[in-house]
Amino acid sequence: MFIFCRLFYTAPRTPSLPRYCFRHRISTNERKGNDVPDDPEPSRLRFIHAGIFSVARRHVSASMLDIRRMLAVRGGYALELLIVVCWAIFVTWPYLDFTITTQPSGLEYPAAIQSFYFWRNLMQCGPCALWNGAVNGGAPALADPYGAVAHPLVAVMTLLFGVPVGAKLVLTGTFIMAGIAQWLLAYELQTGRIVRIWSAAMTVVGGHLAGRFQYGNLGLVLSTAACALAIPLIIRFMRNSNKRNAVLLGSAIASILLAGQGYYQIAFICVIASATVLLPSDWTRWKTIGYHALLAAGIAFLLAAPLLIPLAVALGAFAKRVDFEFASSQPIELLALNLLINDAGFYYNEALQKQPFPYQYINYIGWIPVLLAGIGLTHTRPPGNRRVILFLAAIAFLALWLASAAPLRLLLVLISDPELRAQIGGLRNIVLVAGLAVPPILGLAAIGLERLINAPWPRFQILAGNADNHLFVFNTRWLLPLPAIIAVLSAYTFNKTWITTVQIDPAVVRVVDALGAPHLRWVNHPSGEVGFLEYTVRKHLKISAGFRPWRFKERPPVEPEVAAFRDASPEGWRVMAVVEGIIIAAAPPGNEYAAVDDADGRRSVCTATGLGGDIRVICDTPDGGTLRVREYAWTGWQARVNGAPAPLLDGPWLSVAIPPGVAEVTLRYRPWDAPLGVVLCIVGVAISIWMWRSERPDTPVSPV
């Protein structure tokens, strides 16, 4: 069948089989001196087998050669990617510790992974996981913009290995993603094998990844890698805007949206704005590009719907601290210097208009890549790369400009609406997005290095010193690997200081165990010590003052029923125990998790159990009254009293009226937005698969 198909599709270039066989017979008879019959028809079948053999051998040989070439090329690419993956594993080796008592260093790391316990709760109680009742009065689990709970990499790793180990594997996977993204960018820039590997290796050790973990913020690192992956896919899409590339680009944008934080999601606007320079001069292609761009945007929305739909419902109720001065930002020229400064002490002081928080400013890659980027910026061949070079330069400039907060200050001058001003002022640490400039700068450096490799270099002839007067020719191009290796080692040496791990303090375990109880109650660890947070959530406790960069508007803070203090406990609190020098004390009456207030003002404490959005309360009151459960009320909560549906009362807490005597109250959080988001995501996956299979893989590539 394969031979027949080859013959059929090559018919215009190959004579038909009977005519070929007849010509073969004529040539054979002529060589032997035999007579050639006048009518070839009676003799054709005698030579069919010879024709089949000759044609098949020729076509099969050519096909096998094509297959060997294809396997060699793809095998070479696979080897390059394997080198990048191994290098990323080597760089992040400290994170590959599978003991649950070891965690990456950084103050915010326990807070950054607390939302990952959504996947553990999902396996334990199903839909109850949709409510995160572990921190600060509770909130919709999938509407949290701080964590990356819905990102596929987080989901897979935490489901397979649990949160303590899976979160560390997410970090290693993030570095691998960033390296592959830079390799793809170098591939789209049509550079050679050595340059692609060097560019990816530089990204893996760049300060825009490792430096962010001085503070332990996993979401920032994941967002950086996700944005880097979208850059080469945009170039690919603009060169060939078909359905497959629309699926790839839409999936990459969805990964950015699901990575959390919000800073890099805002900064991605710079990438989209820069992509306008890639629009072709042929206006007839704009309609095709626009159509497939809308498809990519639709796929991105559908795939990210599990986060976007709940977030859209809850976003108006969120509030966070604002800074209209953007005190953490630097001028754009000083931000560029952070690419070159590898003095750790410099990042801990306030020189050059900084704050003493290194994770906000570390983007070190060294002067060699920056110099190579300058060389690549002046490259003009091939013509198709001119717009790509301008695209990369625009991303780097706009990212640094946005990180300087100059456009945000301009918006504050132009906008008077208080809600919009509050949203803009909430981007107080916009300086973090300066790391988005590193991937395009390294892309330009790859072009510069490729240009140097292909440039004519002087050669020196050195006498061998023997009688035959043989010469040794030294090509100065051979010196190029030296600065390239120095650049990688310099970045690795400086930035590896931020890739470290610490052991969980044994005191944390003992204190948290002392705070536990068989029923639900709000507890608190020593004030401001985030290191207690992850283990407290792991033990299914509810933290009244956990770390989260946002809060619900118009809701009172949650007061703990039991708390830990390093100093003396507040007046009126009852000391329960002293663990590792830390005082465990109970609050005066009034802070109970569930209690009933009757018409005469008497208060009866109830017992509550449950997990996430499933709460069961048992009360025994002589006169009945109003049950108040100290969990934030939000759309999606439902109540049942003794098995019968009951309406929830107005107020910031979950409240319901109960009858006298023993009453069993069940509270369930079953929102409409999260299931809708999941359904839309499934639809997005199905559409992506259909679009991928409906597009022919051999669509010609159009130059930018």
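Residues numbered from 1 in each chain as written. Predicted model: local features only at pLDDT ≥ 70, side-chain atom pairs only at ≥ 80, totals over all residues. Heavy atoms only, no water.

*Asks:* Describe the overall build of the chain, with residues and values.
*Replies:* Scanning the chain for helices and strands turns up 23 helices and 22 strands. A fraction of 74% describes how many contacts in the chain between residues 6 or more apart in sequence connect residues 24 or more apart. (Helix = DSSP H or I, 4+ residues; strand = E, 2+ residues; numbered from the N terminus. Contact = heavy atoms within 4.5 Å.)

*Asks:* Break down the sheet that holds strand 11 (residues 562–565) for me, with residues and values.
*Replies:* Taking strand neighbours across the sheet as the criterion, the five strands line up as 9-8-11-13-12 in an open arrangement whose pairing is mixed. Two strands in the sheet have a free side with no partner beyond their single neighbour: strand 9 (542–543) and strand 12 (574–579). In terms of strand pairing, strand 8 (residues 522–524) meets strand 11 through two bridges, oriented parallel. From the neighbouring strand, N524 faces strand 11, where its bridge partner is A563. (Pairing = 2+ DSSP bridges.)

*Asks:* Could you give me a rundown of the nonpolar core, with the residues and numbers involved?
*Replies:* W198, L218, I234, F391, V617, L627 and I658 are the most contacted members of the largest nonpolar core, which has 182 residues in total. Apart from residues no more than four positions distant in its own chain, L627 is found in contact with A594, A595, V596, C606, V617, C619, L654, S655, V656, I658 and V665. (Core = buried A, V, L, I, M, F, W, Y, C linked by side-chain atoms within 4.5 Å. Buried < 20%, exposed > 50% of the residue type's maximum accessible area, 1.4 Å probe, protein only.)

*Asks:* Which residues make up the sheet that holds strand 14 (residues 594–597), and what values go with them?
*Replies:* Spatially, four strands are ordered 15-14-18-21 in an open sheet, and the strand pairing comes out antiparallel. Single-partner strands in this sheet number two, and they are strand 15 (603–605) and strand 21 (653–658). Neighbouring strand axes in the sheet, compared pairwise and without regard to direction, differ in orientation by 25° on average. (Axes fitted to C-alpha atoms, helices over the stretch in contact; angles between N-to-C directions.)

*Asks:* Explain the state of the cysteines to me, using residue names and the numbers behind them.
*Replies:* Under the counting rule described, the total for this entry stands at two disulfides. Paired by a disulfide, C125 and C128 hold their sulfur atoms 1.4 Å apart. The class of C128 is buried, set by a relative accessible area of 1%. For C606, the disulfide goes to C619, at an S-S distance of 2.1 Å. Across the S-S bond of C606 and C619 the torsion is about 115°, and the bridge reads as right-handed. Within this pair, whereas C606 is found in the loop between strand 15 and strand 16 (607–611), its partner C619 is found in strand 17 (residues 614–621), the two being separated by 13 residues in sequence. Each member of the pair, C606 together with C619, is buried. Indicated for the chain is the disulfide connectivity 1-2, 3-4, based on numbering the bonded cysteines in sequence order. The thiol of C227 is not disulfide-bonded; the next cysteine sulfur, from C270, is found 9.8 Å away. For C227, a relative accessible area of 0% corresponds to the buried category. Taking the relative accessible area as the measure of exposure, C270 reaches 10% and is therefore buried. (Disulfide = S-S within 2.5 Å.)

*Asks:* Account for the environment of Y187, naming residues and giving values.
*Replies:* Within the fold, Y187 resides in helix 6 (residues 152–188). Put simply, Y187 and A446 are 259 residues apart on the chain and 9.8 Å apart in space, counted from C-alpha to C-alpha. Not counting residues within four places of it along the chain, the set of residues in contact with Y187 comprises Y77, R196 and R236.

*Asks:* Mind laying out a nonpolar patch on the surface, listing which residues take part and the relevant values?
*Replies:* A cluster of nonpolar side chains, L337, L340, L352, W367 and L371, forms an exposed patch at the surface whose accessible area comes to about 480 Å². Within the secondary structure layout, L340 lies in the loop between helix 14 (332–337) and helix 15 (367–377). Taking relative accessible area as the criterion, L340 reaches 36% and is therefore assigned partly exposed. (Patch = residues over 30% accessible without salt bridge, like charges linked within 9 Å, V, L, I, M, F, W, Y side chains within 5 Å. Areas by Shrake-Rupley, 256 points an atom, 1.4 Å probe, with all protein chains shown as cover. Salt bridge = Lys/Arg side-chain N within 4 Å of Asp/Glu carboxyl O.)

*Asks:* Pulling in residues and values, what's your account of the environment of A228?
*Replies:* Summarising the element assignment, A228 is placed in helix 9 (residues 218–239). With 28 residues separating them in the primary sequence, A228 and I256 have C-alpha atoms 9.4 Å apart. Dropping the residues within four chain positions of it, A228 is found in contact with A181 and P439.

*Asks:* Any chance you could break down unusual backbone geometry for me, citing the residues and the numbers?
*Replies:* The phi torsion at N136 lies on the positive side, around 55°, for a residue other than glycine. Within the secondary structure, N136 is located in the loop between strand 2 (131–132) and strand 3 (139–140). In this structure N136 comes out as buried when scored by relative accessible area, which is 17%. Positive phi outside glycine occurs at N642, with the angle close to 55°. By secondary structure assignment, the location of N642 is in the loop between strand 19 (637–641) and strand 20 (644–646). The exposure class assigned to N642 is partly exposed, which follows from its relative accessible area of 46%.

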